[in-house]
Amino acid sequence: MFFSGWADKIHGLTVPADGPHHVQVLHEPIGVAGQIIPWNFPLLMFAWKVGPALACGNTIVLKTAEQTPLSALYVAKLLHEAGLPEGVLNVVSGFGPTAGAALASHMDVDKVISFARLVVSDMRLGYFDILLKEVRQLAFTGSTETGKIVLQLAAKSNLKPVTLELGGKSPFIVCKDADVDKAVELAHFALFFNQGQCCCAGSRTFVHESIHDEFVAKAKARALKRSVGDPFRKDIEQGPQANQQVDSKQFEKILGYIRAGIEGGATLETGGDRLGSKGYYIKPTVFSDVKDDMLIAKDEIFGPVQSILKFKDVGEVIKRANNTHFGLAAGVFTQDIDTANTLTRALKAGTVWVNCFDVFDAAIPFGGYKMSGFGREKGIYSLHNYLQIKAVVTPLKNPKWL
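Residues numbered from 1 in each chain as written. Predicted model: local features only at pLDDT ≥ 70, side-chain atom pairs only at ≥ 80, totals over all residues. Heavy atoms only, no water.

1. Considerations on unusual backbone geometry
- Backbone geometry places Asn355, a non-glycine residue, at a positive phi of 55°.
- Position of Asn355 relative to the elements: it lies in the loop between strand 15 (351-354) and strand 16 (373-374).
- The partly exposed category is assigned to Asn355, whose relative accessible area is 38%.
- Look at Asp358: it is not a glycine, yet its phi comes out positive at around 55°.
- Within the fold, Asp358 resides in the loop between strand 15 and strand 16.
- You can call Asp358 buried: its relative accessible area is 11%. (Helix = DSSP H or I, 4+ residues; strand = E, 2+ residues; numbered from the N terminus. Buried < 20%, exposed > 50% of the residue type's maximum accessible area, 1.4 Å probe, protein only.)

As structure tokens, this is what we get:
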């Protein structure tokens with residue numbers, strides 16, 4: 001609804017200029033937008049990408065993650081049934097090194113908008129080449145490593161503009177005045193939501209030293225209560241980790257980080273292993289005594305692993321929270337408005353949630369600082385990804401007001 005409302009409200013400007021000239025600034029569609037979406041929220045990412053691109057008058061070639069193609073294909077079918085003209089929205093299912101790389105490097109792609117973790121389809125490459133003609137922009141959502149590859153391919157081809165929403169290692173800061181029970185619950189949600197497979201997960205839980213021990217004990221108890229199993233059951237909070245096609249790449253990666261945390265000297269409070277002997281289930285895991293230089297405090301794990309770090313004062317936690325290559329999001333839990341204002345302005349992150357987390361809306365822009373990407377999804381700012389700006393200058397003969 002949000003972006004459909006924008007379709008007839010995108011307009012240019014008339015601007016003053018020195019001398020007898022009439023100046024128009026036109027906002028024109030980019031052309032053909034290439035879009036790459038990830039596997040962790042396939043339907044949501046489809047909407048975030050397709051909505052603003054269509055509202056701005058573009059056509060689209062969208063590549064799904066190879067693990068989760070069906071939702072995008074089905075919604076595209078519904079859009080065509082609703083009257084979307086043929087050729088306006090094209091959905092391609094394929095692998096990153098083939099279909100994704102072709103989209104990013106094609107000379108006729110106008111822009112790339114990417115949200116994926118690039119990893120061939122069985123379609124004919126000749127048909128794919130036809131789809132890619134005149135693509136002028138590319139958007140990508142996914143890992144920072146893959147985002148660099150997308151950017152390189154775009155630069156080596158036709159210098160198409162790229163929008164990237166990449167990884168994160170978001171701090172969740174629990175201040176000394178916090179209600180510990182409420183903070184524990186929110187920090188638990190910030191990390192474990194969607195099995196921890198969320199780019200903005202609050203994966204570094206900073207807790208003030210005065211309430212640290214109480215927080216750790218209650219965070220451990222909450223993790224032990226978390227129900228893991230069949231995600232189609234209403235009483236289950238956590239399902240399996242996403243697997244990479246027929247192997248257990250993501251599952252093994254998470255277990256590897258857990259081993260690194262133990263070997264690095266962090267205290268394993270609970271979890272730390274697979275649950276059962278079948279499927280890709282991991283016990284909700286909580287580490288305390290985590291230090292900033294540990295792998296579990298630096299790398300994006302993308303799994304149900306909470307790392308708790310102790311801090312003394314606001315100045316210290318600002319410095320430590322910003323000591324990362326990422327800057328996608330952050331959380332602040334405090335009852336003090338001055339502390340909240342200080343932290344929200346000091347943290348280098350595209351979104352800062354205060355006493356809440358993972359609050360999304362079509363009108364709220366979302367994107368990162370630093371290696372978490374550039375450009376914004378959602379809101380009015382996402383329209384900028386899909387518009388070209390043209391200045392038109394014409395002379396005026398004997399204008400009366402000059």
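Continuing now.
2. Focus: the sheet that holds strand 2 (residues 21-29)
- Judged by pairing direction, the sheet is antiparallel, and its 3 strands sit side by side in the order 1-2-17 without closing on themselves. Each edge of the sheet is formed by a strand with only one pairing partner; in this case those strands are strand 1 (13-15) and strand 17 (387-395). Mean inter-strand twist for the sheet, computed between neighbouring axes without regard to direction, equals 25°.
- Sheet topology places strand 2 next to strand 17; 9 bridges connect them, and they run antiparallel. In the strand pairing of strand 17, His27 is matched with Ile389. (Pairing = 2+ DSSP bridges. Axes fitted to C-alpha atoms, helices over the stretch in contact; angles between N-to-C directions.)

3. Focus: the pairing of strand 5 (residues 89-93)
- Of all 5 residues in strand 5, 4 are buried; the element is thus mostly enclosed.
- Here 5 bridges tie strand 4 (residues 59-64) to strand 5, and the two strands are oriented parallel to one another. Residue pairing in the sheet places Thr64 in a bridge with Ser93 of strand 5.
- On the question of chirality, the crossover connecting strand 4 to the parallel strand 5 by way of helix 3 (residues 70-81) is right-handed. (Right-handed = clockwise from strand over helix to strand, strands pointing away.)

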